[in-house]
Amino acid sequence: MLFISPPFGNYVNLPYSTSIRGSFTLEPRKGLLSQIFKTLRYSKEWNGWVNKIGLRNPGLDYAIKKYYKMATDSETNIISIAILSKEEIPIIKNKLPDDMNIEINVSCPNTEKGMVDKGIHVFLNEKRRWCILKLSPLVQFEKIDEYYDMGFRQFHCSNTYPLYKNNEFVGGLSGPSLRSINKTLIHYIRKKYPESTIIAGGGIQSVKDIKAYKRVGADHFSVSTLLFSPLGFMGFYYNYVKYLNASN
């Protein structure tokens, strides 16, 4: 399956794909579109897109109303949530419908606070088709083990890579530079936890990249910054659908 990750998952709906909306926080954080235009840039130095978008979003109540209560097919409506304090966990749990598909973002580098990843096992239940953890490219294997012991079996490798220059945060990097890091994470999860479901995302620009991720153990694939080039994405999507149909 192809996932369209945030921020483009908020706007793009296509056959043969599932959109991930978000990431949403308990309270609204204003300024998404303006923040995209202000901070996003392509870096030749880092060979990828760099952004400081942050978790700008209209809040969890908006997400539930728009992507759950109005949904005709909940399978295509996965929302990404980000938890900023442990006190938010019971509130978010009570707000989320038990059968709402979610991705828990434990790794966004573009915030003034770190993401909460303790006690998040409470979001796991049999009614959810998807309860995904979006990992950091810097996640330690021991941390993956902790997540597995919590009960998580769906892992997204990975979020943007935090960049620093002269001890100052530059932004989150996405693009081809993440491929080798993600392959290492995917290989570890697949070898140690073979029953897990793994989504590979980072630097996917062609079907060749999908095949490379699949060889190291990925089950599904995600794209996001590829959509900054609409023509490039359309070419990729056309070839992806051909590849998918040929594989079935």
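Data block above holds the structure.
Re the nonpolar core
Ile79, Leu96, Ile104 and Phe123 are the most contacted members of the largest nonpolar core, which totals 55 residues. Per element, the largest residue contribution to this core is 6 residues, and it comes from helix α7 (residues 230–247). Once residues lying within four places of it in the same chain are set aside, the contact partners of Ile104 are Ile81, Ile120, Phe123, Cys131, Ile132, Leu133, Lys134 and Phe152. One finds Phe3, Ile20, Ile78 and Trp130 within the second-largest nonpolar core, a separate group that totals 6 residues.

What about the sheet that holds strand β12 (residues 220–223)?
Sheet strands pair via backbone hydrogen bonds, and the direction of the pair is either parallel or antiparallel. One closed barrel holds the 8 strands; their spatial order is β1-β2-β5-β6-β7-β8-β11-β12, and the pairing between them is parallel. Going from strand to strand, the sheet's axes swing by 25° on average, the running direction of each strand aside. Strand direction decides the pairing type here: strand β6 (residues 102–105) and strand β7 (residues 131–135), joined by 4 bridges, are parallel. Across the sheet, the residue bridging to Asn105 is Lys134, located in β7.

Observations concerning the layout of surface pockets
Counted as a void, the largest pocket has a volume near 700 Å³. As for the largest pocket, its lining consists of 41 residues, of which Pro6, Thr160, Ser174, Ser224 and Thr225 are closest to the centre. Those elements that place two or more of their residues in the lining of the largest pocket are β2 (17–24), β4 (48–51), β6 and β12. For the lining of the largest pocket, the residue count by class is 16 nonpolar, 22 polar and 3 charged.

Some remarks on the side chain of Asn182
Within the secondary structure, Asn182 sits in helix α5 (residues 179–192). Beyond its immediate chain neighbours, meaning those up to four positions away, Asn182 contacts Cys157, Ser158, Gly201, Gly202 and Tyr213.

Details of the packing of helix α6 (residues 207–215) against α7
Between α6 and α7, the shortest axis-to-axis distance is 9 Å and the interhelical angle comes to 50°. Of the possible angle classes, the one that applies to α6 and α7 is oblique. Here Val207, Ile210, Lys211 and Lys214 of α6 lie close against α7, whose contacting residues are Phe236, Asn239, Tyr240 and Tyr243.

Overview of the pairing of β7
Within β7, 5 of the 5 residues are buried, which leaves the element mostly enclosed by the surrounding structure. A two-sided burial pattern is seen for β7, the buried positions comprising Cys131, Leu133 and Leu135 on one face and Ile132 and Lys134 on the other. In this view, the connection linking β7 to its parallel neighbour strand β8 (residues 154–157) by way of helix α4 (residues 141–150) has right-handed handedness.

Considerations on unusual backbone geometry
Pro7 follows Pro6 through a cis peptide bond whose omega is 0°. Note on placement: Pro7 falls in the loop between β1 (2–4) and β2. Along the chain, Cys157 connects to Ser158 via a cis peptide bond; the corresponding omega equals 5°. Phi at Tyr16 is positive, roughly 60°, even though this residue is not glycine. Considering the arrangement of structural elements, one finds Tyr16 in the loop between β1 and β2. One non-glycine residue, Asn166, adopts positive backbone phi at about 55°. For Asn166, a relative accessible area of 74% gives the class exposed.

Here's the deal with helix α3 (residues 88–95)
Every buried residue of α3 is listed here: Glu88, Ile89 and Ile92. Angular distribution of buried residues about the axis of α3 spans 100°; they occupy a single face of the element.

Remarks on the packing of α5 against α6
Interhelical geometry of α5 versus α6 gives an angle of 30° and a closest axis separation of 9 Å. Taken together, the axes of α5 and α6 lie roughly parallel to each other. Seen from α5, the contacting residues are Arg179, Asn182, Lys183 and Ile186; seen from α6, they are Asp209, Ala212 and Tyr213.

Parameters and conventions
Residues numbered from 1 in each chain as written. Predicted model: local features only at pLDDT ≥ 70, side-chain atom pairs only at ≥ 80, totals over all residues. Heavy atoms only, no water. Core = buried A, V, L, I, M, F, W, Y, C linked by side-chain atoms within 4.5 Å. Buried < 20%, exposed > 50% of the residue type's maximum accessible area, 1.4 Å probe, protein only. Helix = DSSP H or I, 4+ residues; strand = E, 2+ residues; numbered from the N terminus. Contact = heavy atoms within 4.5 Å. Pairing = 2+ DSSP bridges. Axes fitted to C-alpha atoms, helices over the stretch in contact; angles between N-to-C directions. 1 Å grid on protein atoms, 1.4 Å probe; cavity = no way out; pocket = protein on both sides within 12 Å on 5 of 7 lines; lining within 4 Å. Points joined across faces, edges and corners; volume = space filled by probe spheres on them. Nonpolar A, V, L, I, M, F, W, Y, C, P; charged D, E, K, R; others polar. Parallel < 35°, antiparallel > 145°, perpendicular 65-115°, else oblique. Right-handed = clockwise from strand over helix to strand, strands pointing away. Arc of directions from axis to C-beta.

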